[in-house]
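# Fold and geometry: a report
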Amino acid sequence: MWSKPKRYYGAGDLHFITCSCYRRQPWLGTPQRRSLFLTVLEQVRRRHQLVVVGYVVMPEHIHLLIGEPQEKNPSTVMQALKLGFARRVLAEAKRKRNPAQSTLFEHTPQHIWQKRFYDFNVWTERKRIEKLRYMHRNPVQRGLAASPELWHWSSFRAYALGEAGPVKVNDWEVLKMKIRSPAA
């Protein structure tokens, strides 16, 4: 019997997250969809006061290296991210569907993402660098780009070239300081 994965939140660790599209379908297979995903990621980053340390968007999965949000946890962030992207993609598919063909073809997509995601706590500098390198080299390993800087849907260019991309990377100022009231 399958059990719910154990998540370790609250220690302020970084989280290396992998999330796959439903049945490994390439829902992120076009530049427009990958860019849409990054737009949603930036919206979620701002709304949840999230630090994004790194990211890469592949045709059928994503990798994120994120800090824990100020108020919620990475599961809440992933729910908002997956739902925000899925709603836009499903609405787009519904708009493009020809109503005259609805009786012939009832093939409106229902799922964009797998139900769960993989979460690995990163608490050392060595692991942080390892996960960033893995993410940034992923498109090259898969033959999608000749070198990491040629894949525009990752945080590599922010690190290597200092470019501001569609998602703000390493914005630690979003975290609010927690101030305790003085003891009475």
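Everything in this summary refers to the structure shown in the same document. (Residues numbered from 1 in each chain as written. Predicted model: local features only at pLDDT ≥ 70, side-chain atom pairs only at ≥ 80, totals over all residues. Heavy atoms only, no water.)

### Notes on the nonpolar core
Put simply, the rule reads: By nonpolar core we mean a set of buried residues, namely Ala, Val, Leu, Ile, Met, Phe, Trp, Tyr and Cys, connected to one another through side-chain atoms within 4.5 Å. Buried residues are those whose accessible area, probed at 1.4 Å on protein chains only, stays under 20% of the maximum for their type, while exposed residues exceed 50% and partly exposed ones sit between those limits. Strands here are runs of E lasting at least two residues and helices are runs of H or I lasting at least four, both read from the DSSP assignment and numbered beginning at the N terminus.
If you look at the biggest cluster of nonpolar residues, it comprises 43 residues, and the most contacted ones within it are F37, I62, L64 and W113. For this core, the secondary-structure elements that each account for two or more residues are β1 (14-20), α1 (31-47), β2 (52-57), β3 (61-66), α2 (74-96) and α3 (125-141).

### Topic: the packing of aromatic side chains
We apply this condition: In this scheme Phe, Tyr and Trp rings, the latter by its six-membered ring, pair at centre separations within 6.5 Å, and the angle between planes marks the pair as stacked below 30 degrees, edge-to-face above 60, and tilted otherwise.
The full count for this structure, using the stated rule, is five aromatic pairs. Here F16 and Y134 contribute two aromatic rings whose centre-to-centre distance is 6.3 Å and whose plane-to-plane angle is 80 degrees, an arrangement assigned as edge-to-face. Placement of the pair is F16 in strand β1 and Y134 in helix α3, with a sequence separation of 118 residues. Using a relative accessible area of 4% as the deciding quantity, one classes F16 as buried. Given a relative accessible area of 46%, Y134 falls into the partly exposed group.

### Brief notes about the state of the cysteines
Operational definition: Two cysteine sulfur atoms make up a disulfide if the distance between them is within 2.5 Å.
Per the counting criterion, the structure on display carries zero disulfides. Of all cysteine sulfurs, the one in C21 lies closest to C19, which takes part in no disulfide; the gap is 7.4 Å.

### Let's talk about α3
Note the cut-off: Here, expected helix span is obtained from the residue count minus one, scaled by 1.5 Å. Contacts are assigned to residue pairs with any non-hydrogen atoms lying within 4.5 Å of each other.
Its 17 residues give α3 an end-to-end C-alpha distance of 23 Å, which sits within 8% of 24 Å, the value for a rise of 1.5 Å per residue. When we look at burial in α3, the residues that qualify are K131, L132, M135, H136, N138 and P139. In the core, the buried residues of α3 are packed alongside β1, β2, β3, β4 (118-122) and α4 (156-160).

### Details of the pairing of β2
Stated precisely, the cut-off is as follows: For two strands to be treated as a pair, DSSP must find at least two bridges joining them.
In terms of burial, β2 is largely enclosed, as six of its six residues are buried. Taken together, β2 and the strand that follows it, β3, pair antiparallel across an intervening segment of three residues.

### Looking at the layout of surface pockets
Just so we agree on the cut-off: Buriedness of a pocket was judged along seven lines, with at least five required to meet protein on both sides within 12 Å; pockets are open sets of points on a 1 Å grid over the protein atoms alone, cavities are sets where a 1.4 Å probe fits but cannot get out, and lining residues have an atom within 4 Å of a point. Grid points are joined across faces, edges and corners, and a volume is the space filled by probe spheres set on the points. Note on residue classes: Ala, Val, Leu, Ile, Met, Phe, Trp, Tyr, Cys and Pro are nonpolar, Asp, Glu, Lys and Arg are charged, and everything else, Gly too, is polar.
One number sums up the size of the largest pocket: a volume of about 450 Å³. Per-class residue counts for the lining of the largest pocket are nine nonpolar, five polar and five charged.

### Observations concerning unusual backbone geometry
Even without glycine at this site, R24 takes up a positive phi of about 55 degrees. Mapped onto the elements, R24 comes out in the loop between β1 and α1. Given a relative accessible area of 46%, R24 falls into the partly exposed group.

### Concerning the environment of K131
Locating K131 in the fold gives a position in helix α3. Judged by its relative accessible area of 13%, K131 is buried. Considered as a pair, K131 and L64 are 67 residues apart in the sequence and their alpha carbons are 9.2 Å apart. Filtering out sequence-adjacent residues up to four positions away, K131 remains in contact with F16, F120 and V122.

By themselves, these figures tell us nothing about what the structure is for.
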